[in-house]
Amino acid sequence: MNFTKRSFVFAEEEYFSIDDILATHERIPCRFEVGVHKLGFLDPSSGNPDIAKGTKLEIPLWMAQALQSRRIIVTDIPRVYREAYREILNADATVVDLHKMGPYFYHFGLYLLRFTHQDSEDISRMLNQTFRNRFRKLMDTSQNSLEEDATILTANLDRTEVALFNLGHKSLLDLKNWQHRKSQKILTANLVMNHKKRKRAIMDEAP
């Protein structure tokens, strides 16, 4: 999997996804380039009903996208995607608690690539390399943890990794059930059964 600026278009493709909605509610630091009337409530530290030019805030990503497209704000890189954290992940991503860095670390990171930053390419490479480095351990764990508590094993994973772990774990359970003959027998599809019934009825009615 390569994380690039055109990898996914989550806002369109996942419009009804709860995970997508929660990911776009993650906050991103920004600075207002112009004053904005009636949005002072976004800054709880200010009693001003308006937002003054130069105000720095953290706002939800979905709002930042709309405001930046109108050139009302400029955005900054969230702390966990900056150089210091990228170096930690590049050193050994497998030991990092990715959930603490953000439950939607990859999902949110892909959205960041839509913004214009000088570090965009570095963030893209970091996301790609982090996923690659953690994937093998993730799948090995999912395939060798039949008797262990999955909630403990997935505690340091982000939501994308949890979904992959669950798929791997389910495939292991399905295999075990098949090996012990616990899976359902293969049955004739209803469509085929109905077709045979209709064919038989036609033949019975024929002179």
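All of these numbers come straight from a predicted model, not from anything done at the bench.

**Re the packing of helix α6 (residues 105-112) against helix α7 (residues 120-143)**
(1) Moving on: At a closest axis distance of 10 Å, the pairing of α6 and α7 adopts a crossing angle of 160°. Regarding the angle of α6 to α7, the classification is roughly antiparallel. In the packing of α6 onto α7, the handedness of the crossing is left-handed. From α6, Phe 105, Tyr 106, Gly 109 and Leu 110 reach across to α7, where they touch Met 126, Leu 127, Thr 130, Phe 131 and Arg 134.
(2) Moving on: Per-class residue counts for the contact of α6 with α7 are six nonpolar, two polar and one charged.

**Quick notes on the pairing of strand β1 (residues 27-32)**
(1) Moving on: As judged from the five bridges shared by β1 and strand β2 (residues 56-60), these two strands associate in the antiparallel manner. Looking at β2, one finds that Pro 29 is bridged to Glu 58.
(2) Moving on: In terms of strand pairing, β1 meets strand β3 (residues 73-75) through three bridges, oriented antiparallel. By the bridge assignment, Phe 32 is partnered in β3 with Ile 73.

**Concerning the environment of Ile 72**
(1) Moving on: Checked against the element boundaries, Ile 72 lands in the loop between α3 (61-69) and β3.
(2) Moving on: According to the relative accessible area criterion, Ile 72 is buried, its value standing at 18%.
(3) Moving on: Residues Ile 72 and Val 34 lie 38 residues apart in sequence; the distance between their C-alpha atoms is 5.8 Å.

**Looking at the nonpolar core**
(1) Moving on: Among the nonpolar cores identified, the biggest contains 34 residues, and Phe 32, Ile 59, Ile 73, Tyr 81, Leu 89 and Phe 105 are the most heavily contacted of them.
(2) Moving on: Contributions of two or more residues to this core are made by β1, β2, α3, α5 (98-101), α6 and α7.
(3) Moving on: The leading source of residues in this core is α6, at six residues.
(4) Moving on: Apart from residues lying up to four places away in sequence, Leu 89 is in contact with Val 96, Leu 98, Met 101, Phe 105, Met 126 and Thr 130.

How each quantity is defined
- Residues numbered from 1 in each chain as written.
- Predicted model: local features only at pLDDT ≥ 70, side-chain atom pairs only at ≥ 80, totals over all residues.
- Heavy atoms only, no water.
- Axes fitted to C-alpha atoms, helices over the stretch in contact; angles between N-to-C directions.
- Helix = DSSP H or I, 4+ residues; strand = E, 2+ residues; numbered from the N terminus.
- Parallel < 35°, antiparallel > 145°, perpendicular 65-115°, else oblique.
- Left-handed = near helix turned anticlockwise from the far one by under 90°.
- Contact = heavy atoms within 4.5 Å.
- Nonpolar A, V, L, I, M, F, W, Y, C, P; charged D, E, K, R; others polar.
- Pairing = 2+ DSSP bridges.
- Buried < 20%, exposed > 50% of the residue type's maximum accessible area, 1.4 Å probe, protein only.
- Core = buried A, V, L, I, M, F, W, Y, C linked by side-chain atoms within 4.5 Å.

Distances and angles like these do not, on their own, reveal function.
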